[in-house]
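# Coordinate inspection notes
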Amino acid sequence: MGWNCQIESIGVKSPGRRLSTSDLTGKFKIPCIRKLSLLTGISERKICSAGEDSFSLAEDAARNCLSYSKYRADELDMIINCSITKYKGGLSHLYEPSFSSLIRNRIGARRAITFDISNACAGMLTGVYIADKFIRQGIIKTCMIVSGEYISNLCDHAIKNIRTTLSSELSSLTLGDYGTAAILERTADEKNGLIVSGFTTLSQYSDLCTGRQNRNAPGGKMRTKARKIHQAAVKESVPIVKEALRKCRLSLKDIKWLIPHQTSRSSIISGANHYFECLGEKPGQIVITLKETGNTASTTHFLALYKYLNERQFSENDIVMLLCFASGLIIGVVIFKMNEIVYRYGSTN
Amino acid sequence: MGALIKMVSVARPRIGFHHVNSISLSARAAIQCLSDAQIDPFTIGLLVNTGIYRHKNTGEPSIAALIQKKISACKPVNNDSDKSESTFSFDINNGGCGFLTGIEIIHSAISDGEITYGMLVTGDSEPFHGLSENFNIHPAAAALILEKSENSTGFSLFRTYIFPEYSEEFVSCTFFHDPKWFRKGRNILNIKQKESYLDLCVNCSVESFFNFLDESGIDLDEIDLIISSQSPIGFTGMLKKRLGLNGNFIELEKTGEMIYHTAGPLFALKKVWDDNRFRSSENIIFLTIGSGINVSLALYKN
């Protein structure tokens, strides 16, 4: 019997502090940077308060996800941690043991096998790619993918180093922290299964966005050639999206909700216009959720899903496309039909 | 349908170059592996890196993407026919067990019919030269290519056994050391291994090994080779003694107080690959151990 994989529940953890874009850009004397909010569509972002870090965000998101799930922690077969940052105890980067094994111990998922993956902002969708394979092949029944991103510290480094609007660290000012988790489960329902397609790394562009640990200061730093990576992502993703749609026997206009990686409002809109030019069609709605959260790296797609589920924007059988762009350059597509999960979130009020 | 090992290669720093970059070293092993296997880099559908201690602690892009670029497996996607030759790459961080986790993921992609060849690359080096405490890991890298098996040979069974009560036994992390005064602060990598860790690793491995034999239905005397993790120091010697499998247990020569970490099992595999013992063995067991404590095992049949 062939199995399929579907999203069973989603959970999030919002960090404790908020930082408005105007407060952030007020630290600069360069007038153009003060228009960052207008340019990116980000008016504020949530950032970690004292005692919060990648691990606490991931753990709390996992607990929140379980609160919406029909599964108990001890029924999970696999946990994959997908975050770029692995900060535990402040800005201390943990190499071993894996984050996922510590999350397993904390939430009591005593029989889950665990490992961490790292694939830049495509982390959680790479987790979906792996979980989908294991579930469809009958190796596991349930898998939790989880990510806690503590990336606002990159902003501290950028503040000290940005001198002009051409700075390669400008993108660091769009970043915000968040934790998200999702449980994927086995289903025999052919119609509601995830279609995972086109995951590709175009490594000729791998130097366009790089992030690493600081040598002489806590936390990390990121350098991005934003315009070049955006142009490459938009151009190269068209055949990949086309192929994914062909695989599902769908056209772009059948997609009710297109959720791209949340970088900035202007780049999402210009990307959408390029798709319209190339494919001659538009999806129902392009989801942009970064106004209050900023770019939260690997967590953006599931954060957008959670937000729209809680706002009861989705209806059962709506077709959703998650489109990932990440440094590497990674492009990937996940298409699925909304199932009964839409009734478990939000208030009818 | 399983996955067969097509080729394995290893890379060590060139003489006189001890402070090497794990990415370059891994790429060197990968290029050698492709050359020995006579495979075009474009045909690698999935590239997984399982190294833990990475050059300058690079967070993004993935180390696998950087290696992919160095081996030239980067073909632009222009039309549908090119798509089948694209490569997807990412990193796995699972301590000493990353090797078998990576193999299992590539195995599932091959079984799915999604890819023809998959490559696993691993390499460790000191992230920032001189900025670590208790770092006793050899700078070393290795690569392995898996291909589709048309019969029941190749990897056939994977199991992971977990011992969460020992998660504090081995911890490695960075911390920011700020000496104040006039000197700059530094991020220091610190590795803490408790004295009891080695004994616990051996005990957990023995328990897991016999559970695995029960699950696989294979008797101890049917096993021709055991290829295991080479860390922590003394692990292979003690495990060999406990299992009583002297000739069949692959152990690398001791190199002082330095160890092969994530590349250890691949260095052991390379040893028996070169002397042809691997191909002449029928039942081979891979055993990896990592902090957590996690023990992963896999059965390989020739």
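Residues numbered from 1 in each chain as written. Chains lettered and ligands numbered in written order. Predicted model: local features only at pLDDT ≥ 70, side-chain atom pairs only at ≥ 80, totals over all residues. Heavy atoms only, no water.

### Re the sheet that holds strand E3 (residues 58–60) of chain B
Spatial ordering of the open sheet is given by E11(A)-E10(A)-E3(B), a layout of 3 strands whose pairing is antiparallel. Of all the strands in the sheet, just strand E11 (220–224) of chain A together with E3 of chain B have a single pairing partner and so form its edges. The mean inter-strand angle of the sheet, taken between neighbouring strand axes irrespective of direction, is 25°. Examined bridge by bridge, strand E10 (residues 209–213) of chain A and E11(A) share 5 bridges and lie antiparallel to one another. (Pairing = 2+ DSSP bridges. Helix = DSSP H or I, 4+ residues; strand = E, 2+ residues; numbered from the N terminus. Axes fitted to C-alpha atoms, helices over the stretch in contact; angles between N-to-C directions.)

### Remarks on the domain arrangement of chain B
The accessible area lost on association of the parts is a frequent measure of interface size. Residues and elements named next belong to chain B. Here chain B is described as being made up of domain 1 (3–151) and domain 2 (158–162 + 194–301). On a C-alpha basis, the centroid separation for the pair domain 1 and domain 2 is 22 Å. Opposite the 35 residues of domain 1 that make contact, domain 2 presents 28 residues. Of the roughly 2700 Å² buried where domain 1 meets domain 2, counting both sides, 72% is carbon and sulfur surface. In this assembly, domain 1 and domain 2 are joined by 0 salt bridges. Linking domain 1 with domain 2 are 7 residue pairs in polar contact (both at pLDDT 80 or more), by the criterion used here. Residues belonging to the side of domain 1 that touches domain 2 are distributed by class as follows: 20 nonpolar, 11 polar and 4 charged. (Domains from an automatic or database assignment. Contact = heavy atoms within 4.5 Å. Buried area = accessible area lost by both parts, 1.4 Å probe. Salt bridge = Lys/Arg side-chain N within 4 Å of Asp/Glu carboxyl O. Polar contact = N/O pair within 3.5 Å; in protein donor to acceptor, adjacent residues only side chain to side chain. Nonpolar A, V, L, I, M, F, W, Y, C, P; charged D, E, K, R; others polar.)

### Side note on the packing of helix H3 (residues 54–68) of chain A against helix H4 (residues 99–107) of chain A
All names here are of chain A. Running from N to C, H3 and H4 cross one another at 50°; their axes reach a closest spacing of 10 Å. As far as their axial angle goes, H4 and H3 are oblique. Note on packing geometry: the crossing formed by H3 with H4 is right-handed. In contact with Ser54, Phe55, Ala58, Glu59, Ala62, Arg63 and Leu66 of H3, H4 contributes Phe99, Leu102, Ile103, Arg106 and Ile107. Looking at the contact of H3 with H4, its residues break down into 8 nonpolar, 1 polar and 3 charged. (Parallel < 35°, antiparallel > 145°, perpendicular 65-115°, else oblique. Left-handed = near helix turned anticlockwise from the far one by under 90°.)

### Overview of the sheet that holds strand E15 (residues 330–337) of chain A
All names here are of chain A. The sheet built from 5 strands is open, its strands ordered E9-E15-E14-E12-E13 with mixed pairing. Edge strands, defined here as strands with exactly one partner in the open sheet, are strand E9 (195–201) and strand E13 (285–286). Relative to strand E14 (residues 319–326), strand E12 (residues 257–260) runs parallel, the two being bridged by 4 bridges. Considered in E14, the bridge of proline 260 is made with leucine 323.

### A few points about the packing of helix H5 (residues 197–216) of chain B against helix H6 (residues 235–243) of chain B
Any two packed helices are characterised by how steeply their axes cross, that is the angle between the axes, and by the distance between the axes. Residues and elements named next belong to chain B. Put simply, H5 and H6 touch, their axes get as near as 10 Å, and they point 45° apart. Considering the angle they form, H5 stands oblique to H6. In the packing of H5 onto H6, the handedness of the crossing is right-handed. On H6, the residues that touch Leu198, Asp199, Cys201, Val202, Asn203, Ser205, Val206, Phe209 and Phe210 of H5 are Phe235, Met238, Leu239, Arg242 and Leu243. Class assignment for the residues of the contact of H5 with H6 results in 10 nonpolar, 2 polar and 2 charged.

### So, the interface of chain A and chain B
The interface is formed by 60 residues belonging to chain A together with 65 residues belonging to chain B. Interface area, chain A with chain B, both sides summed: about 5200 Å², of which 52% is carbon and sulfur. The largest per-residue losses of area from chain A upon contact with chain B belong to Tyr95(A), Glu96(A) and Arg215(A), which jointly make up 16% of the total buried on that side. Here Lys133(A) makes a salt bridge to Glu114(B), at a shortest N to O gap of 2.4 Å. Summed over the shared surface of chain A and chain B, the result is 30 residue pairs in polar contact (both at pLDDT 80 or more). For the side of chain A that touches chain B, the secondary-structure elements that each account for two or more residues are strand E5 (94–96), H4, strand E6 (113–118), helix H5 (123–136), E9, E10 and helix H7 (226–248) of chain A.

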